[in-house]
Amino acid sequence: MATHYTGQAVRYVVVFFVFSATWRIASSVTRYSIPEEMQEGSVVANLAGDLGLSANTLVERELKLDVIHNKQYFSFNKETGELYVLEKIDREYLCPMKTIFLSSCLLKMEVTIKNPIRIFNIELEILDINDHAPSFRRETMHLDISESALSGERFSLNNAVDPDVGANSIKTYILSESDHFNIEIQKGSDGTQYVDLVLRKALDREQQTVHNLILTAVDGGVPARSGTASIIVRVLDTNDNAPQFDHQVCSVNMTENSPIGTLLLKLNATDLDEGSNAEILYSFTLYTSEKTQDMFSLNQNTGEIKVKDVVDFEEIKILEMHIQAKDKGHQPLSGQCTVMVYVKDVNDNYPEITVKSIRSKVMETIPIGTVIALVGVSDRDSGDNGMVDLSISEQLPFILNKSSERDYELVVSEFLDRETVPEYNIILTVTDRGTPPLSDNETVTLELLDVNDNAPEFPKSFYTIPVMENNAPGSLLSSVTAFDPDFNENQYLVYFIVEREIVNTSMSMLFSINPENGDLYALKTFDFEREKEFLFHIEARDSGVPPLSSNVTVHIIILDQNDNTPLIVSPWRAHGSVVEEVIPRSTDKGHLIAKVIAIDSDSVQNSRVTYQFLQVPDATLFSLDQYNGEIRTMRMFSYRDPRHQRLVVIAKDNGDPALSATVTIKLSTVEHVVKAFSETSEVPLEYDIFSDLNLYLLIGLGSVSFLLLMTILVTIVLKCQKPKPTKATPPCRNSVVSQRSSTVADSTLVSNDAYWYSLFLAETRKGKVVVRQPIPKSGGYIVSSIPRSTGLTETSESAASTLQYSK
């Protein structure tokens, strides 16, 4: 094994030779050592010279360099034979696990040449440089240390990490200056350093509650790198301070017969500790007599001393109390003080009230005159000072009846209502007749029990709920909620729909209401063209005994959607959607070719139909009125115009989105119109269907239809009285317009179409589609009414009718 140095690279070569009859392969291992982070283009070694190859033959022998890694870190200069860095190498990225175990980081390559074939194995050891600073896993470390901790106690700290190895790894730790702490570094069996925080001096929370330290980790690189972490030490309290009163001896003056509860004095003691060690409880010591403790109360939390019993100057003039303040520490500490009470003499006594009997709960329907309580009064004084009067301080529905010298009855004087006032606090005041007068009071609480005397109330007397048609079954329509001012079960309401049938259909099959909260739901999908409104009642009933109820009227209005396509009813089409018309070529300008009529069963807004040409061969020849659908000629036909014209008209409604229908009119022009009677037979079209509309709507529509029919009949009679034109050839079957001569075509078409359109409107309002068909050899038409497809399951024979008229 030989060793070669090229720059900073070190090479180790081991060569093996294998011979055969036709070829020879040489296998060798060459090792170099280079530092990481070398710049791109840096030459590692003259590989051709190290391998014993001539640089002039590298191209001819097809030298190939393969790096056994997912990145091509190195490349080979085939002209000079030098191995150079192609991409900067990060040792910690290339060998992350080897960094931890301090193993060497090798990058393997393979060099292949031909003529003869030889393979060389190359290993590059990537040496570490100090390119990473130490870092702590936690930038801030929190420690809680009791102030009672002893000197020398240790506390473990988080270690720092450095991805570098060897001398570039962590070398030592440094702690910021502190009077109470230092650190000790220990090494494990694998060389890892561990840091302990050591308490040098006892802590005192009352002097310093928090200590802020900085721990620095320094590596052994040149130059050295470092990382820091913050250590926050919170000193936990120990109960080492006793409570202290503001004054060791306190003096206070009081007047005899002071009211019970009078605040005499509020003591204050403080403790320098914190938490439970600073929480103080006040109490009497054994040096305070039982009589004094019976006359005064001490609040153990606030230190308030209040009058607990009557203090009579004639019995006692000076009182002495010994008070102790003790903290809540594990080993509690205490402090003491003495309170001297000096009683001032007043020559009077407060009157007293005694409630001997009381009914604290009564029904709200209790009769007037019922006794609620028996009250007694007394006064230890005599004469005028001992004479007392009892009264009620507010205007309440109660009065006091005096039953004896010292006894009173509290009596109901007015009717009570729990919903107005559920509870009464009756303050009874007793006053003596002394100078100055003294008084006392007593509060009597009276609770009224509920009686089911209020029916549920709806906020509205009438609900109008709009619902869009084609709604989803089960959708929430609205919430109809009532209120009951009663209490408990008298307040619990149940909602239900008052049953009502519409054409053998129960309202409970159309709507559902949640019995608990009044939410109203639709059970089916509504169709505006069939059902436009519903009117029913919802009842709310409470759970009282007996139950009370009320109802409200609900008006459901179905709103229209544009869900019906316009239906073209004129010109009539026997088969398919193509209409054939024949007109003379001598037709004048403005001649009515056809009138397109379309109807839409939606509401007024969605049923407004407009017309326009979808296809027209000559825009200068025909015009279309977008509102009435009339197709007229804009000029006379010329010899250049084709004899056959194809017009496509689209009828579009006003909905959003708009729906439409189309009709195709094949127009033929002839020199002379030959009229003949139609040989077609009548095909009666009548489907018996009668929508279950509202009775009032039927009556109104029937009246309008009757008046319109009468008007048409009168018009026909007047027309019949006019002189008849000379008999012409019977009309052609294909078109109404073709049945008229050019001289009378416009007027006849307009009159017949007007009658047809009026009759059509009258019948369609009844729920039918009217179809016009020629009667063979009769000179008239059969007008058949076809019920519109509404999806109803019931029909009525009276709804379908056939009308016939003569020309």
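Residues numbered from 1 in each chain as written. Predicted model: local features only at pLDDT ≥ 70, side-chain atom pairs only at ≥ 80, totals over all residues. Heavy atoms only, no water.

> Looking at this structure, how should I read a nonpolar patch on the surface?
On the surface, Phe706, Leu707, Met710 and Leu713 cluster together into a nonpolar patch covering about 400 Å² of accessible area. Note that Leu707 resides in helix α5 (residues 695–720). (Patch = residues over 30% accessible without salt bridge, like charges linked within 9 Å, V, L, I, M, F, W, Y side chains within 5 Å. Areas by Shrake-Rupley, 256 points an atom, 1.4 Å probe, with all protein chains shown as cover. Salt bridge = Lys/Arg side-chain N within 4 Å of Asp/Glu carboxyl O. Helix = DSSP H or I, 4+ residues; strand = E, 2+ residues; numbered from the N terminus.)

> Would you mind going over unusual backbone geometry with me for this structure?
Excluding glycine, residues mostly carry a negative phi; peptide bonds, for their part, are mostly trans. Going from Val222 to Pro223, the amide bond is cis rather than trans, its omega being -5°. Its place among the elements puts Pro223 in the loop between β17 (210–219) and β18 (226–236). The omega torsion of the bond from Asp656 to Pro657 falls at 5°, within 30 degrees of zero and hence cis. Its location among the elements puts Pro657 in the loop between β52 (644–652) and β53 (660–670). Unlike most non-glycine residues, Glu37 shows phi in positive territory, near 65°. Secondary-structure assignment places Glu37 in the loop between β3 (24–35) and β4 (43–46). Its identity as a non-glycine residue notwithstanding, Asn115 has a phi of 60°, on the positive side. Here Asn115 shows up in the loop between β8 (106–113) and β9 (118–127).

> I tried to follow the state of the cysteines on my own but got confused; where do I start?
Each disulfide consists of one covalent bond between the sulfur atoms belonging to two cysteines. All told, the structure shown has 0 disulfides when counted by the stated rule. Sulfur of Cys250: no disulfide; nearest cysteine sulfur belongs to Cys337 and is 5.1 Å away. (Disulfide = S-S within 2.5 Å.)

> Quick question: what am I supposed to make of the nonpolar core here?
Side chains of nonpolar character tend, in soluble globular proteins, to be buried together. Val44, Phe74 and Leu124 are the most contacted members of the largest nonpolar core, which has 30 residues in total. At the level of secondary structure, the elements contributing two or more residues to this core comprise β3, β4, α1 (47–50), β5 (64–67), β6 (74–76), β7 (82–85), β8 and β9. (Core = buried A, V, L, I, M, F, W, Y, C linked by side-chain atoms within 4.5 Å. Buried < 20%, exposed > 50% of the residue type's maximum accessible area, 1.4 Å probe, protein only.)

> Whenever I open this one, the sheet that holds strand β50 (residues 622–624) confuses me. Can you help?
In any sheet, the strands associate via hydrogen bonds between backbone groups, in a parallel or an antiparallel arrangement. Taking strand neighbours across the sheet as the criterion, the 3 strands line up as β47-β51-β50 in an open arrangement whose pairing is antiparallel. Looking at strand neighbours, the two that pair on one side only are β47 (592–595) and β50, the edges of this open sheet. Strand after strand, the sheet turns through a mean of 20° between neighbouring axes, direction not considered. Two elements, β50 and strand β51 (residues 630–633), share 3 bridges in a ladder whose sense is antiparallel. Looking across to β51, one finds that Leu624 is bridged to Ile631. (Pairing = 2+ DSSP bridges. Axes fitted to C-alpha atoms, helices over the stretch in contact; angles between N-to-C directions.)

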